[in-house]
Amino acid sequence: MEAPAEIEEDVRVRSSEPRIHPTAELKGVKLGRFAEIGPRCVLREVTVGDFSYFERGGEAIYAKIGKFCSIAANVRINALTHPMERLTTHKISYRPNEYFRYRPVDSAFRERRREARVTIGHDVWIGHGAVIMPGVAIGNGAVIGANAVVTRDVAPYSIAAGVPAKALRQRFPDDIAARVERLAWWDWPAETLFEALPEIQTLPIEAFLDRWEALQRARSSVAEK
């Protein structure tokens, strides 16, 4: 059902304040507009882009997540590594303060973990129970299958699954993917997304790109005058 033409733009768009479930635990987290954090999620030093959401039980640390990402339940982003080169892999070697006084957290090991950040692009879908290992980069538009273990970078618009995850196929042909990248729809204001939604839902991808590329050119031409 279309909104009446005379309706105010600010009425069409719901509050952009992030929604955080009361059982979620967040520390050092930056949330974009319309972001959603579901029940029992635990996030530490993570940036979450506009419209991206975590379903229940998600965990993430030291990560940057783009806009419009769909993160299913029980996903683990930047799973903890242990120092296998040491005598023991147990946390006693890097968090001894949990057991002893006068033995502080191993700050060098913590910084090593911080440096191995995960980067996730825009419009990425991560399936139920997937695990993203440290240092991995996932490109725009990629899809990660349920229960996958992602140990290496995933190219934009590719579909990866398995243990370890491997690319299965592309979402779009290369020329279509390049046009989506140039359109950068994830940066559109909410009012433009409102206008585009019926055609996002109904038009084939090429027809959508044809129409909205033309609209963007027309709007840019008007703005330059």
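Residues numbered from 1 in each chain as written. Predicted model: local features only at pLDDT ≥ 70, side-chain atom pairs only at ≥ 80, totals over all residues. Heavy atoms only, no water.

### Some words on the pairing of strand S16 (residues 158-161)
Point 1. With 2 bridges joining them, strand S14 (residues 143-144) and S16 adopt parallel strand pairing. Bridge pairing links isoleucine 144 to alanine 160 in S16.
Point 2. Inspection of the sheet shows S16 paired to strand S17 (residues 166-170) by 4 bridges, in the antiparallel sense. In the sheet register, alanine 161 faces S17, and the bridge partner there is lysine 166. (Pairing = 2+ DSSP bridges. Helix = DSSP H or I, 4+ residues; strand = E, 2+ residues; numbered from the N terminus.)

### Overview of the nonpolar core
Point 1. One finds Phe54, Ile65, Ile77, Ile120, Ile126, Ile138 and Ile144 to be the most contacted residues of the largest nonpolar core, which totals 30 residues.
Point 2. Going through the elements one at a time, strand S5 (42-48), strand S7 (59-65) and strand S10 (118-120) are the ones with two or more residues in this core.
Point 3. If we skip the residues at most four places from it in the chain, isoleucine 144 touches Trp125, Ile126, Gly127, Ala130, Ile138, Val150, Val154 and Ala160. (Core = buried A, V, L, I, M, F, W, Y, C linked by side-chain atoms within 4.5 Å. Buried < 20%, exposed > 50% of the residue type's maximum accessible area, 1.4 Å probe, protein only. Contact = heavy atoms within 4.5 Å.)

### Describing the sheet that holds S17
Point 1. Reading across the sheet, the 8 strands line up as S1-S4-S6-S8-S11-S14-S16-S17 and stay open at both edges, with mixed pairing between neighbours. Either end of the sheet is taken by a strand with one partner, and the two such strands are strand S1 (19-20) and S17.
Point 2. Pairing geometry for strand S8 (residues 70-71) and strand S11 (residues 125-126), over 2 bridges, is parallel. The partner of isoleucine 71 across the bridge, within S11, is isoleucine 126.

### A few points about the pattern of salt bridges
Point 1. Following the criterion strictly, the structure yields 16 salt bridges and no others.
Point 2. For lysine 67, the salt bridge goes to aspartate 187, with nearest N and O atoms at 2.7 Å. In this pair, lysine 67 is assigned in the loop between S7 and S8 and aspartate 187 in the loop between helix H3 (174-183) and helix H4 (190-202), connecting sequence segments 120 residues apart.
Point 3. Several salt bridges share partner residues, and in doing so they unite Glu45, Glu111 and Arg114 into one network. (Salt bridge = Lys/Arg side-chain N within 4 Å of Asp/Glu carboxyl O.)

### Focus: H3
Point 1. Of the residues making up H3, those classed as buried are Ile176, Ala177, Arg179, Val180 and Leu183. Buried residues of H3 fall within an arc of 160° about the axis and therefore sit on the same side. The exposed set on the far side of H3, more than 90 degrees from its buried face, consists of Asp174 and Arg182.
Point 2. Directly beyond the C-terminal end of H3, a positive phi value near 45° is found at alanine 184. (Arc of directions from axis to C-beta.)

### Things to note about unusual backbone geometry
Point 1. The omega torsion of the bond from valine 163 to proline 164 falls at -10°, within 30 degrees of zero and hence cis.
Point 2. Among the secondary structure elements, proline 164 is positioned in the loop between S16 and S17.
Point 3. Here the phi dihedral of glutamate 45 falls at roughly 50°; this positive angle occurs in a residue that is not glycine.
Point 4. The phi dihedral of phenylalanine 51 is positive, around 70°, even though this residue is not glycine.

### Some points on the state of the cysteines
Point 1. In total, this model carries 0 disulfides according to the counting rule given.
Point 2. Cysteine cysteine 41 is unpaired, with the sulfur of cysteine 69 as its nearest cysteine sulfur at 14 Å. (Disulfide = S-S within 2.5 Å.)

### Here's the deal with the packing of aromatic side chains
Point 1. Following the criterion strictly, the structure yields 9 aromatic pairs and no others.
Point 2. With a centroid separation of 4.4 Å and 20° between ring planes, the pair formed by phenylalanine 34 and phenylalanine 51 is classed as stacked. Of the two residues, phenylalanine 34 is situated in the loop between strand S3 (30-31) and strand S4 (36-37) and phenylalanine 51 in the loop between S5 and strand S6 (53-54); the sequence distance between them amounts to 17 residues.
Point 3. Under the relative-accessibility criterion, phenylalanine 34 is labelled buried at 11%.
Point 4. Ring centres of tryptophan 188 and phenylalanine 208 lie 6.5 Å apart, and the angle between their planes is 35°; this geometry places the pair in the tilted category. Note that tryptophan 188 is positioned in the loop between H3 and H4 and phenylalanine 208 in helix H5 (residues 205-224), a separation of 20 residues in sequence. When sorted by exposure, tryptophan 188 lands in the same class as phenylalanine 208, which is buried.
Point 5. Put simply, the rings of Phe34, Phe51, Phe68, Trp185 and Trp186 touch in pairs and so form one group of aromatic residues. (Phe/Tyr/Trp six-rings, centres within 6.5 Å; stacked < 30°, edge-to-face > 60°.)

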